[in-house]
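# Descriptive structure summary
In case you want the letters, here they are:
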Amino acid sequence: MPDPFAAIRPYDDGEVRPTIDRLLGSRDFLSAMLRLRFGEWALIPLWSWLLRPVARLYLRRQLATVETVHDLQMRVKTYVERMIEDTTAGLTVSGLEHLDPANAHLFISNHRDIAMDPALTNYVLHRAGYETLRIAIGDNLLSEQWVADLMRLNKSFIVQRSVSGPRELLANSKLLAQYIRKSIQEDNAPIWIAQREGRAKDGRDRTEAAVIKMLSLSRDKKHESFGDHIASLRIVPVAISYELDPCDAMKARELSERESTGSYEKSDQEDVESIGQGIAGSKGQVHVKFGTPLGSNFETPADVAAAIDAQIVHGYLLRPVNLWAYETLEGPLKSDVEIGEGSSSRAEFEDRVRALTEEERPFALAAYANALRSVLELDTPS
């Protein structure tokens, strides 16, 4: 029987070795790995030509015994642990007590970093003894075959956004909703999706109601209320807090250009560069906060989005950098807001902001300040 999800699901164990062999034969994949390791040096044609065979041999040896998805993820785990050691001032987690170990959850997370948001959520869950996640990734990031192969090997499934019309968009959305529901309810496989399409470059974590509408497309309207359907997906909001954003300069540059010109043209390799910077850049202290599963007391997607927002905004662990940015833009904070400890000094943070252009600085400061502003706005009666 044909697999209705074959075009979007992660690869299974039988597809692992052929996919690895395909990656090792990909010049673009090897070049990308070299660039991640050696930076701009890998762009020099002679260096690239000399190093690609070395990279292929090294990766072939590293992956020689990988036969299953689990095998691959255990290899990836060592790199994630090294990355955490090298680029963070510590990774902490809270809220695991809210999770049901016997049942899969649909984790809906704020979205600050393309690769690290799901990777860190996945890592802290794995470390606590939970099954690794199936991770949603937009097809806008998968323009090259090697990227799609690499992501699907690591349990990513594809959100098909590049469609030609509303009818095709609806069909793709229904397929995605059905896959997510099947994963949670039949496969007992946990899912990670972002609360919005695209990162929150301005630092405001808000859930798009369209995400909840997509999930509701798998509801059996004859036998299931909207609220019961939401409860059946076992949705858990997740707040990921980065003391420092490795991509803050890139985001500020984009927002500044949009402000001044009305548009922004993304370069061909910009998403790949953002992924690399997010992985390799300094993050300061990082915290992952799991919220409480949503119940059935919802009537509309907007209600669900608001409930997720409340948990994420209050679950975001504020650091001194958020306060310093707020004070720079707004003056002294007049409300009582809990601020956690940080690893960055005020002088270091101010130097970080001063390294940007005068036009970019307000956007970078706002991105840090908006996490604090969101708490104030949520706690102020309308």
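Residues numbered from 1 in each chain as written. Predicted model: local features only at pLDDT ≥ 70, side-chain atom pairs only at ≥ 80, totals over all residues. Heavy atoms only, no water.

For the rest of this paragraph, the subject is the overall build of the chain. For the chain, the helix and strand inventory stands at 15 helices and seven strands. Considering only C-alpha atoms, the chain reaches an extent of 60 × 60 × 40 Å along its principal axes. Out of the 382 residues in the chain, the part that is buried amounts to 49%. For the chain, the proportion of contacts with a sequence separation of at least 24, taken over those separated by at least 6, is 75%. A total accessible area of about 18900 Å² is found for the chain, and carbon and sulfur atoms account for 53% of it. (Helix = DSSP H or I, 4+ residues; strand = E, 2+ residues; numbered from the N terminus. Buried < 20%, exposed > 50% of the residue type's maximum accessible area, 1.4 Å probe, protein only. Contact = heavy atoms within 4.5 Å. Areas by Shrake-Rupley, 256 points an atom, 1.4 Å probe, with all protein chains shown as cover.)

The mixed open sheet is built from seven strands, whose spatial order is β1-β7-β6-β2-β5-β3-β4. Where the open sheet ends on each side, the last strands, each with one partner, are β1 (88–94) and β4 (156–159). The mean angle between the axes of side-by-side strands here comes to 25 degrees, regardless of whether they run parallel or antiparallel. As paired strands, strand β2 (residues 106–109) and strand β6 (residues 235–242) are joined by four bridges and run parallel to one another. Of the residues in β6, the one forming a bridge with Ile 108 is Pro 237. On top of the sheet, helix α12 (residues 301–315) reaches β2, β6 and β7 (284–290); it is set at about 30 degrees to β6, its chief contact. (Pairing = 2+ DSSP bridges. Axes fitted to C-alpha atoms, helices over the stretch in contact; angles between N-to-C directions.)

What follows is about empty space enclosed by the protein. All told, the structure shown has four cavities of 30 Å³ or more when counted by the stated rule. Counted as a void, the largest cavity has a volume near 130 Å³. In the lining of the largest cavity, the residues fall into six nonpolar, two polar and five charged. The space that makes up the second largest cavity amounts to roughly 60 Å³. (1 Å grid on protein atoms, 1.4 Å probe; cavity = no way out; pocket = protein on both sides within 12 Å on 5 of 7 lines; lining within 4 Å. Points joined across faces, edges and corners; volume = space filled by probe spheres on them. Nonpolar A, V, L, I, M, F, W, Y, C, P; charged D, E, K, R; others polar.)

This part covers the layout of surface pockets. If a probe as big as a water molecule is rolled over the atoms, it shows which places are left empty. Size it by volume and the second largest pocket reaches roughly 230 Å³. Lining the second largest pocket are 14 residues; nearest its centre among them are Arg 9, Pro 10, Asp 12, Arg 134 and Tyr 179. Sorting the residues of the lining of the second largest pocket by element identifies α4 (69–87) and α7 (166–185) as the ones contributing at least two each. Partitioning the lining of the second largest pocket into residue classes produces five nonpolar, one polar and eight charged.

What follows deals with the nonpolar core. Within the largest apolar cluster, 55 residues are counted, with the highest numbers of intra-cluster contacts made by Leu 106, Ile 180, Ile 193, Leu 215 and Ile 235. Counting residues per element, this core draws most heavily on α7, which supplies six residues. If you look at the next biggest cluster of nonpolar residues, it comprises 22 residues, including Val 80, Leu 125, Ile 240 and Phe 290. (Core = buried A, V, L, I, M, F, W, Y, C linked by side-chain atoms within 4.5 Å.)

Turning our attention to the side chain of Ser 232. With respect to the secondary-structure elements, Ser 232 resides in helix α9 (residues 226–232). Within polar-contact distance, the side chain of Ser 232 engages the backbone oxygen of His 229 at 2.6 Å. Excluding residues within four positions of it along the chain, Ser 232 makes contact with Ile 184, Gln 185 and Glu 224. (Polar contact = N/O pair within 3.5 Å; in protein donor to acceptor, adjacent residues only side chain to side chain.)

If you walk through the whole model with that rule in mind, you get six aromatic pairs. Between Phe 107 and Phe 290, the ring centres sit 5.5 Å apart and the planes meet at 65 degrees, which makes this aromatic pair edge-to-face. Here Phe 107, found in strand β2, pairs with Phe 290, found in strand β7; they are 183 residues apart in sequence, far enough to count as distant. Each member of the pair Phe 107 and Phe 290 is classed as buried. Site record: aromatic cluster; members linked through ring pairs are Phe 5, Phe 157 and Tyr 179. (Phe/Tyr/Trp six-rings, centres within 6.5 Å; stacked < 30°, edge-to-face > 60°.)

Inspection of the entire model under this criterion finds 22 salt bridges. Its salt-bridge partner being Lys 155, residue Glu 131 comes within 3.7 Å of it at the nearest N-O pair. With Glu 131 in the loop between α5 (116–127) and β3 (134–138) and Lys 155 in the loop between α6 (145–153) and β4, this pair connects stretches of sequence that are 24 residues apart. Of the residues examined, Glu 131 reaches a relative accessible area of 42% and is grouped as partly exposed. Its relative accessible area of 13% is what places Lys 155 among the buried residues. When the shortest N-O distance is used, the salt bridge between Asp 187 and Arg 134 registers 3.0 Å. Here Asp 187, found in the loop between α7 and β5 (191–194), pairs with Arg 134, found in strand β3; they are 53 residues apart in sequence, far enough to count as distant. Asp 187 gets classed as partly exposed once you look at its relative accessible area, which sits at 31%. On the accessibility criterion, Arg 134 (18% relative accessible area) is buried. (Salt bridge = Lys/Arg side-chain N within 4 Å of Asp/Glu carboxyl O.)

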